[in-house]
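# Tertiary structure, described
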Amino acid sequence: MSVPSPAPKLPVSLAANPRLSSWVTFTADGRIAISPGKVEIGQGIVTALAQIAADELDVDILRIEMVRASTATSPNEGVTSGSLSIQQSGRALRHACAEVRQRFLAAASERFGVDPPLLSIEDGTISGPGNVRTSYWELAAEVSLDHDATTGATAKSAAERAVAGHSVQRVDIPDKVFARPRFIHDYALPNLLHGRMLRPDRSGAKLIALDETMGRSVPGSVAIVRDGGFAGVVADSEAAAEAALKTLRKGATWSAGEPLPDEDDLAGFLKSQPVETTVIDTRTVVSTRKTVRTLRRQYTRPYIAHASIAPSCAMARWDGDRVHVWTHSQGVYLLRADLAIVLKLPAENIVVEHMEGAGCYGHNAADDVALDAVLLAKAAGGRPVRVQWSRHDEMSHAPFGAAMAIEIQADLDADNEIVGWRHAIWSNGHAARPGRAAQPALLAASEIANPYPRIISTNPPPVNGGGGDRNSVPLYDLPAWTITSHRLLTMPVRTSALRTLGGQGNVFAIESLLDEIAALRGEDPVEFRLRHLRDERAKDVIRAIARRAQWKPQKRSGIGHGVGFARYKNTGAYCAAIAEIEGTDDIRVRRLTLAVDVGEAINPDGVVNQIEGGAIQATSWVLKERVRFDRTRITSTSWADYSILTFSEVPAVDVEIVQRPEIEPAGAGEAAHGPVTAAIANAVFDCLGVRVRDLPITRDRIIAAMELAS
């Protein structure tokens, strides 16, 4: 008996926003406005989406105008995160544009009395037998797109696509090169005022008293705004705002604050706190092989800052009981939901419009500064207020990527083959984004006179990729395992989403221990991985880097090589990396060779850009990055105190794309971090003969590991 095929479904984002006119508009100047709900945060998504639209509509990509996301007009696609933009927005747009094309062909068919299959479209011009011709723009008045999408439209096959699958120049770069105001930091509204925030240095301190007298007397000062523990200044220039803030700070009295953990014993702190424990996955197989020894290893990573090159910035303007906000938030609708709660306004009274920011790697302070701007703008008499956080603000008060302690116990038989595997994670939650709960998740919401409680970060469910447990379930074919996550119910250091969430830490731990077991067996680490994988796509990316890097290079003194692999979230892009490091003094990464399989690569150059960027950021995390603090305050509040990779330290990065145009595309933005982290750590062992299991891998950590091993 044959099983009936499931009924066709619309892509998720299109099902949630089915009106075709919310995605596609034909403009009077012969262009096409495409309005996705995902936002450009440096990942090149507007270019890839423009390619998809150009393909399905049969137009030159130069005709495509990508519209910034806004709650006034755009589809609600939630948040731009998790390397999901191509999977969600791309699929929705491909289907929507295919249906729009179909509707216009039907209209041209009716006008000319020609069957639709006999018509063709070239750069928006529709033509057919007898030299009949029209265009999208001529028919636009006759073809209404105020209809919901149906499941009947069929997108082009991979072989029919002329734009997707090819590298094109990014559509956002010219504005950035020629300094046109694309970044929110560069955009100035008429009659703009400037705001600055007053916040404590000590963690958890509250504003008890504030002498506003001297702040009001600063030339150019417009207003001092205070609402409970929330305080800031509004002035007619940035210089005046800075001067007023400096004066205001002298008149502030703060409570004692809350103690911070010992930064040199984060594992001890994480394991000592109350937790919510979840068994993520188990596998049980009856085996005749007996455990002869058990390897117990602990791996840690510190709190990590977003460290965007420019601090967070936003603008807001009130008009009666309505407010317009300009922000580099990753989720304009989710931010609007939290603003509505704090302001006690209907959501329709708030417009949140996206503008690009200078670097976004997860939930940074973009949403927080938006509420700051809204609250300060209340005192501006209808004039717009621009608030830019300082570097100190950004490194003190923005959410961090959560610290992690990971313990793995691997049971081995007499041949050092894996018999059992137990993986346990202790970590703060990795998600506290706005718009997800009945209480707002914005910083100022916890400071105002009637404050909302500060949300303790949670983890996305495993079906959405998980949080602290992300990538903790091995992709390798191990006989038995138990994966357990312990989420902290306390949060002295504010945490939320940072690129890969727990994926970087878990891949680092898994791949490090696998390398150690391969070494015990005297087995090549590449062959060891291939032997434990069944997924041919996984094997292919490992084989690709081994071939490209000519694995394994001849042993040289002071040089090490290591390999790492993961499939992001175990459902997304496959990525493998080989690192070549130099360890004669400090660790220096000389070269990274990567292979990636994202399914259909819409813009191969964009995929390479994302993998290169992720690889370089991961190198910075592995070798340098660590939020520093004493028992009272964050101390890494400047570039002098929070080290990142410098240009002179950037390794050569070589990327190979394993092309699979027949497979639905997956995002590339977070695929490289875990494999690169593991590859560097494994290369350090290859070079120095010592395992460093605590990130970042600094000289002090190497010396400590050597002393422990001796």
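Just so it is clear, the structure is predicted and the values come from calculations on it, not from any experiment.

### Looking at the overall build of the protein
Helix and strand content of the protein: 17 helices and 24 strands. Taken against the 2.2 N^0.38 rule, which gives 27 Å for 710 residues, the C-alpha radius of gyration of the protein at 27 Å falls within 12% of a compact globule. Dimensions of the protein, computed from the C-alpha atoms along their principal axes, are close to 80 × 80 × 50 Å. In the protein, which comprises 710 residues, the share counted as buried stands at 59%. Partitioning the contacts of the protein with sequence separation of at least 6, the portion at a separation of at least 24 is 78%. Looking at the protein as shown, the accessible area adds up to about 28200 Å², and 50% of this sits on carbon and sulfur atoms. Positive and negative side-chain charges of the protein, numbering 78 and 84 respectively, have mean locations separated by a distance of 3 Å.

### Quick look at helix α15 (residues 604-623)
A rise of 1.5 Å per residue sets the reference length of α15, with its 20 residues, at 28 Å; its end C-alpha atoms lie 29 Å apart and thus fit the reference within 8%. Of all 20 residues in α15, 15 are buried; the element is thus mostly enclosed.

### A word on the environment of Thr-247
Note on placement: Thr-247 falls in helix α7 (residues 238-250). Residues in contact with Thr-247, not counting those within four places in the same chain, are Met-214, Gly-215 and Val-218.

### As for the sheet that holds strand β17 (residues 385-388)
Strand order in the open sheet formed by seven strands is β9-β10-β7-β17-β14-β15-β16, and the pairing between neighbours is mixed. Looking at the sheet topology across the chains shown, the edges are occupied by β9 (221-227) and β16 (350-354). Going across the sheet, the axis of each strand differs from the next one's by a mean of 20°, ignoring polarity. Inspection of the sheet shows strand β7 (residues 193-197) paired to strand β10 (residues 230-235) by four bridges, in the antiparallel sense.

### Points about the pattern of salt bridges
Tallied over the full model, the rule gives 59 salt bridges. When the shortest N-O distance is used, the salt bridge between Lys-176 and Asp-172 registers 2.7 Å. Take Lys-176: its relative accessible area is 23%, and that puts it in the partly exposed class. Note that Arg-543 is salt-bridged to Asp-540, the shortest N-O span being 3.2 Å.

### Comments concerning unusual backbone geometry
At the junction of Trp-551 and Lys-552, the peptide bond is cis and its omega measures out at -10° in the coordinates. You can see Lys-552 is positioned in the loop between α14 (536-548) and β21 (559-567). The linkage connecting Leu-695 with the following residue, Pro-696, adopts the cis geometry, with an omega of -5°. One can find Pro-696 in the loop between α16 (673-688) and α17 (699-709). Phi at Ser-83 is positive, roughly 55°, even though this residue is not glycine. Residue placement: Ser-83 occurs in the loop between β3 (64-66) and α3 (85-112). Assessed through its relative accessible area of 14%, Ser-83 is described here as buried. Not every positive phi belongs to a glycine, and Asn-471 is a case in point at roughly 65°. Of note, Asn-471 is situated in the loop between β19 (418-427) and β20 (481-488).

Definitions and limits used
- Residues numbered from 1 in each chain as written.
- Predicted model: local features only at pLDDT ≥ 70, side-chain atom pairs only at ≥ 80, totals over all residues.
- Heavy atoms only, no water.
- Helix = DSSP H or I, 4+ residues; strand = E, 2+ residues; numbered from the N terminus.
- Rg over C-alpha atoms; globule rule 2.2 N^0.38 Å.
- Buried < 20%, exposed > 50% of the residue type's maximum accessible area, 1.4 Å probe, protein only.
- Contact = heavy atoms within 4.5 Å.
- Areas by Shrake-Rupley, 256 points an atom, 1.4 Å probe, with all protein chains shown as cover.
- Lys, Arg positive; Asp, Glu negative; His and termini not counted.
- Charge placed at Lys NZ, Arg CZ, Asp CG, Glu CD.
- Expected span 1.5 Å × (residues − 1).
- Pairing = 2+ DSSP bridges.
- Axes fitted to C-alpha atoms, helices over the stretch in contact; angles between N-to-C directions.
- Salt bridge = Lys/Arg side-chain N within 4 Å of Asp/Glu carboxyl O.

Geometry only, nothing functional implied.
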